Number of protein chains: 2
Amino acid sequence: MENILEHRLILWDRDEYCQRLSSIRSHMLESSTEAIILADNANLYYITGRVFAGYAYIPAKGEPIYFVRRPVELTGDGVVYIRKPEEITASIGMSAPATIGIEIDVLPYSTVQRLLPLFPDAELKNASAIMRNVRAVKPPMALRKLRESGERQVRVYSRIPGLFQEGMSDYDLQIAIENLCRREGCLGQFRISGDSMELYMGNLLAGRNADAPSPYDFAMGGAGMDPSLPVGANGTLITPGTTVMVDMNGNFNGYMTDMTRVFALGKLDQLALKAHQCSIDIHRSLCDMMHPGIQAKLLWEKADEIVSEAGLKPYYMGHRQHAGFIGHGVGIEINELPVIAPRSRDIIREHNVIALEPKFVIPDTGAVGIENTYIVHSDHVECITPAPEEIIYFDR
Amino acid sequence: MENILEHRLILWDRDEYCQRLSSIRSHMLESSTEAIILADNANLYYITGRVFAGYAYIPAKGEPIYFVRRPVELTGDGVVYIRKPEEITASIGMSAPATIGIEIDVLPYSTVQRLLPLFPDAELKNASAIMRNVRAVKPPMALRKLRESGERQVRVYSRIPGLFQEGMSDYDLQIAIENLCRREGCLGQFRISGDSMELYMGNLLAGRNADAPSPYDFAMGGAGMDPSLPVGANGTLITPGTTVMVDMNGNFNGYMTDMTRVFALGKLDQLALKAHQCSIDIHRSLCDMMHPGIQAKLLWEKADEIVSEAGLKPYYMGHRQHAGFIGHGVGIEINELPVIAPRSRDIIREHNVIALEPKFVIPDTGAVGIENTYIVHSDHVECITPAPEEIIYFDR
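Calculation rules
Residues numbered from 1 in each chain as written. Chains lettered and ligands numbered in written order. Predicted model: local features only at pLDDT ≥ 70, side-chain atom pairs only at ≥ 80, totals over all residues. Heavy atoms only, no water. Helix = DSSP H or I, 4+ residues; strand = E, 2+ residues; numbered from the N terminus. Rg over C-alpha atoms; globule rule 2.2 N^0.38 Å. Buried < 20%, exposed > 50% of the residue type's maximum accessible area, 1.4 Å probe, protein only. Areas by Shrake-Rupley, 256 points an atom, 1.4 Å probe, with all protein chains shown as cover. Lys, Arg positive; Asp, Glu negative; His and termini not counted. Charge placed at Lys NZ, Arg CZ, Asp CG, Glu CD. Contact = heavy atoms within 4.5 Å. Buried area = accessible area lost by both parts, 1.4 Å probe. Salt bridge = Lys/Arg side-chain N within 4 Å of Asp/Glu carboxyl O. Polar contact = N/O pair within 3.5 Å; in protein donor to acceptor, adjacent residues only side chain to side chain. Nonpolar A, V, L, I, M, F, W, Y, C, P; charged D, E, K, R; others polar. Least-squares fit on C-alpha atoms with pLDDT ≥ 70 in both. Pairing = 2+ DSSP bridges. Axes fitted to C-alpha atoms, helices over the stretch in contact; angles between N-to-C directions. Expected span 1.5 Å × (residues − 1). Core = buried A, V, L, I, M, F, W, Y, C linked by side-chain atoms within 4.5 Å. Phe/Tyr/Trp six-rings, centres within 6.5 Å; stacked < 30°, edge-to-face > 60°.

(A) Region of the structure containing the overall build of chain A. Looking only at helices and strands, one finds 9 helices and 19 strands in chain A. Over its C-alpha atoms chain A spans a radius of gyration of 22 Å, differing by no more than 12% from the 21 Å that the globule rule assigns to 396 residues. When its C-alpha atoms are laid out on the principal axes, chain A stretches across 70 × 45 × 35 Å. In chain A, buried positions account for 63% of the 396 residues. For chain A, the accessible area works out to roughly 14,700 Å², and carbon and sulfur atoms hold 51% of it. The average position of the 38 basic charges and that of the 50 acidic charges among the side chains of chain A differ by 2 Å.

And the structure:
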């Protein structure tokens, strides 16, 4: 019942751990990187199954060393307690690498400047890029966890209609759904790579607030409740003829799914209904194409073609402001690879886990369209957020 | 009622904006910095009153330029829309600075590497350090917002006893309090400088889980519900003779207060009661000393002396694992200056806003002690989280 601190540092079972290590090493080899040192929580969780304060040092040859600052009492092969990064040198000793991968896309400049002298004469490589590619292809336990998060997220969504009461604002409904998520075991934390994007638990957009542009690089916006956090619900009353788009946190176990459904009150105009059906059609078409080997940008182009034929471009991925992508990898963080965007250079791989979210903003009505998370298999695509896709009416 | 996107970029009134700008410039002068460029959300919010995607370029002389990527439609003096940072050069033009401050403690290494060539030949200065010092002293609107957050946080805490039901786990109570916070208008987002610390909404520690060491650099720990987020409630049943420490999010308007109270069921042992009283005594003593000009480390030493005399050192700031500080500045983020720690070089200033949190972990009983947020004035200290400080019993 209670979650207790395990003392062994590595929490994945042996096979899973070896597979993860081997995937990192094969990407290191590709980029001629002799060793990498990881400090980012998401990457430490990827390799060990837990978050700790410290560093994972992974040489291409030889055993990893885990330099731990906190918590106390961790044990296992390669665990070395340190107080500061300068103590790392002593443990690496003779076998100083000629190339060192550091997470330069997420670690602060001053942190990297402090790590570099520990590897004198070593050429700097981008460990963020290596780990993004490693994490894009999910190992077995990640797929199991993602399926579990998907199941629990679907259960949450199935109960949303029961929460609605007439006279509710978008904020009232948002906090009721947050509570539902938490009762289902959602961890709450919404991990996003980089610290320029912020979101609390998830995004709910009602009516014309869907058209409020946000500073953040999410698919949809919303003014938010305060200019210090300008995204999502803004106090809009939920009224007949408008939609409520729910895109709530799917992190139940460290790996998160991403799912959006649309709810509505009263009768919607034809344009909104047409756009919602177009989103469903795009999902069908892209799932037929989304096989290992295809270029991600071809998926974006196919969707764009469907939208253009339907004459829905002005509303596609926003109206006053448009998002530049319609899908993205998900896993430990919400913005993983591959990215489904016009200039994406990503190739779809087996065991990519991809959230597709072709959406539309219809002025005065609100946002429509759905989002599902899919696992790419060699010969088919598996939807791990299976639930009714049509608009769900609160009042029927 | 609805929060609408304002089109003018600067949301502070004229006096407040000028005071903030002038504070930044005086710290730039002190460190011989001719210009700074800010990209961190917390710093952009400090200067403009909103979060946007882009950069604030502030020369020591001349007018600021706001380079905006998102959202669309912002207006005002100095607003320039850009797609990528390389477009900044054209606008700065002739007046290239000889020294440039960049937020090297928070911006990723690769982001800084991309910004540096925009300022050729300029000497790099640490804008993170400048802004930490600027933000340590709160301007008038910040103090008003902090008082408002404090009032609302106090109102939340006063309603916690009404939430408790027998048979609840720490997690059940945590999510009930989260919902209470949100109904009171808490924004949820818990801003922490740096991305190595993570917390969802706040920390609740019941019974022996208070002694579970966490990887994060918070005052208290907890195993959490999952190894991917090892902090806080872990599913412990709330039982007689144990405490529940509540340290919940106080961000209601962009500026956050920090407040902790202890709740309990049944009779507690003498050691826990003594330690709780010791925490209250420390608050009294430190408030008497916490005037402008005093060294922060002297506050830590005074507290340490009180704890030693009471024979409570083994339980102070943790038991299996100890935290290295007993207080910290709060404002836009939870970990601002000054830091009340043994090796702190900070000096207490007028209009510092400081959360003091001398706490104890009593094995098997749980955590005790209180946390309040104080504004430092020239001749007195103002508590902005005023509420009963003794242990609050659920069953009396």
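From this point, the narrative continues.
(B) How the structure looks around the interface of chain B and chain A. Tallying the contact residues gives 71 residues for chain B and 71 residues for chain A. Around 6,000 Å² of area is buried between chain B and chain A when both sides are counted, 49% of it from carbon and sulfur atoms. For chain B, the biggest contributors to the area lost against chain A are B:R70, B:Y109 and B:Y200; these three give 14% of the whole. We note a salt bridge from A:R182 to B:E178, for which the minimum N-O separation is 2.7 Å. Where chain B touches chain A, the interface holds 39 residue pairs in polar contact (both at pLDDT 80 or more). The set of elements that each furnish at least two residues to the side of chain B that touches chain A consists of α2 (41–48), α4 (109–115) and α7 (170–183) of chain B. By residue number, the principal contributor to the side of chain B that touches chain A is α7(B), which donates 7 residues. Its residues placed into classes, the side of chain B that touches chain A shows 34 nonpolar, 22 polar and 15 charged.

(C) Spatial organisation of the relation of the copies chain B and chain A. Turning chain B through 180° and shifting it by 0.0 Å along the axis lays it on chain A, with an RMSD of 0.0 Å. In the structure described here, the two chain copies are related by an operation that fits a two-fold rotation axis. When the interface residues of chain B are mapped onto chain A, 100% of them again fall at the interface, so both copies present the same face.

(D) Here's a closer look at the sheet that holds strand β6 (residues 123–126) of chain B. All names here are of chain B. One open sheet accounts for 6 strands, arranged β4-β3-β2-β1-β5-β6; its pairing is mixed. The outermost strands of the open sheet, each flanked by one partner alone, are β4 (79–81) and β6. On average, adjacent strands in this sheet sit at an angle of 25° to one another, irrespective of strand direction. Here 3 bridges tie strand β1 (residues 35–38) to strand β5 (residues 99–102), and the two strands are oriented parallel to one another. Bridge pairing in β5 links I36 to G101. Helix-sheet contacts for helix α1 (residues 14–30) involve β1, β2 (53–59) and β3 (65–70), and the interaxial angle to β2 is about 65°. Docked against the sheet, α2 engages β1, β2 and β3, running at close to 60° with respect to β2.

(E) Quick peek at the pattern of salt bridges. Counting across every chain of the model gives 45 salt bridges over all chains. Between B:E198 and A:R191 there is a salt bridge, and its shortest N-O distance comes to 2.6 Å. You can see B:E198 sitting in the loop between α7 and β7 (202–206) and its partner A:R191 sitting in the loop between α7 (170–183) and β7 (202–206), one on each of two chains. Its relative accessible area of 8% is what places B:E198 among the buried residues. The shortest N-O distance in the salt bridge between A:D304 and A:K313 comes to 2.6 Å. Salt bridges linked by common partners bring A:R135, A:K138, A:E333 and A:E336 together as one network.

(F) Quick peek at the pairing of β2(B). Residue and element names in this part refer to chain B. When you tally the buried positions in β2, you get 7 out of 7 residues, the bulk of the element. On β2, burial covers both faces: A53, Y55, Y57 and P59 on one face and G54, A56 and I58 on the other are all buried. Of the pairings in the sheet, the one linking β1 to β2 comprises 4 bridges and is antiparallel in character. In the sheet register, I36 faces β2, and the bridge partner there is I58. Pairing analysis gives 5 bridges linking β2 to β3, with the strands arranged antiparallel. By the bridge assignment, A56 is partnered in β3 with Y66. Here β2 hands over to β3 after 5 residues, with G62 in that stretch at a positive phi of 100°.

(G) Region of the structure containing the side chain of B:Q174. Note that B:Q174 resides in helix α7. In this structure, B:Q174 is in contact with A:R182, B:Y200, B:G202, B:N203, B:L204, B:A233 and B:M248, ignoring residues within four places of it in sequence.

(H) Summary view of helix α6 (residues 140–158) of chain B. For α6(B), with 19 residues, the first-to-last C-alpha span of 27 Å sits near the 27 Å given by 1.5 Å per residue. Those residues of α6(B) lying buried are B:A142, B:L143, B:K145, B:L146, B:S149, B:G150, B:R152, B:Q153, B:V154, B:V156 and B:Y157.

(I) Expanded view of the sheet that holds strand β13 (residues 336–340) of chain B. Residues and elements named next belong to chain B. Read from one edge to the other, the open sheet built from 5 strands follows the order β13-β12-β14-β17-β18, with strand pairing classed as antiparallel. A single partner strand is all that each edge strand has here, and the edge strands are β13 and β18 (381–383). Between one strand axis and the next, the sheet turns by 25° as a mean value, whatever way the strands run. Sheet analysis places strand β14 (residues 353–356) next to strand β17 (residues 372–376), joined by 4 bridges and oriented antiparallel. If you follow A355 over to β17, its bridge partner there is T373. Most of the contacts of helix α8 (residues 270–289) go to β17, to which it runs at about 10°, and overall it touches β14, β17 and β18.

(J) Quick peek at unusual backbone geometry. Residue and element names in this part refer to chain A. The omega torsion across R70 and P71 is 0°, close enough to zero to call that bond cis. Relative to the elements of secondary structure, P71 occurs in the loop between β3 (65–70) and β4 (79–81). Geometrically, the link from L337 to P338 is a cis peptide bond, its omega value of 0° lying close to zero. Following the sequence through the fold, P338 ends up in strand β13 (residues 336–340). Backbone geometry at E73 places phi at a positive 80°, although glycine is not the residue there. Among the structural elements, E73 can be located in the loop between β3 and β4.

(K) Region of the structure containing the nonpolar core. Of all hydrophobic cores here, the largest spans 90 residues; its most connected members are A:I24, A:I36, A:I47, B:I24, B:I36 and B:I47. If near-sequence neighbours (up to four positions away) are discounted, B:I47 is found in contact with B:W12, B:Y17, B:R20, B:L21, B:I24, B:A56, B:I58 and B:Y66. With 52 residues, the next largest nonpolar core counts A:A176, A:I177, A:F252 and B:M201 among its residues.

(L) Quick look at the packing of aromatic side chains. Throughout the structure, instances matching the rule amount to 18 aromatic pairs over all chains. Relative to B:Y200, the ring of A:Y200 has its centre 4.9 Å away and its plane inclined at 0°; by these criteria the two rings are stacked. Here B:Y200 lies in the loop between α7 and β7 and A:Y200 lies in the loop between α7 and β7, a pairing that spans two chains. By relative accessible area, which is 7% here, A:Y200 ends up buried. Judged by centre distance (5.4 Å) and plane angle (40°), the ring pair of B:Y316 and B:F360 falls under tilted. Of this pair, B:Y316 sits in the loop between α9 (296–309) and β12 (327–329) while B:F360 sits in strand β15 (residues 359–362), and the two are 44 residues apart along the sequence. Assigned by exposure class, B:Y316 and B:F360 land together as buried. An aromatic cluster of three or more residues is present, and its members are A:W12, A:Y45 and A:Y255.

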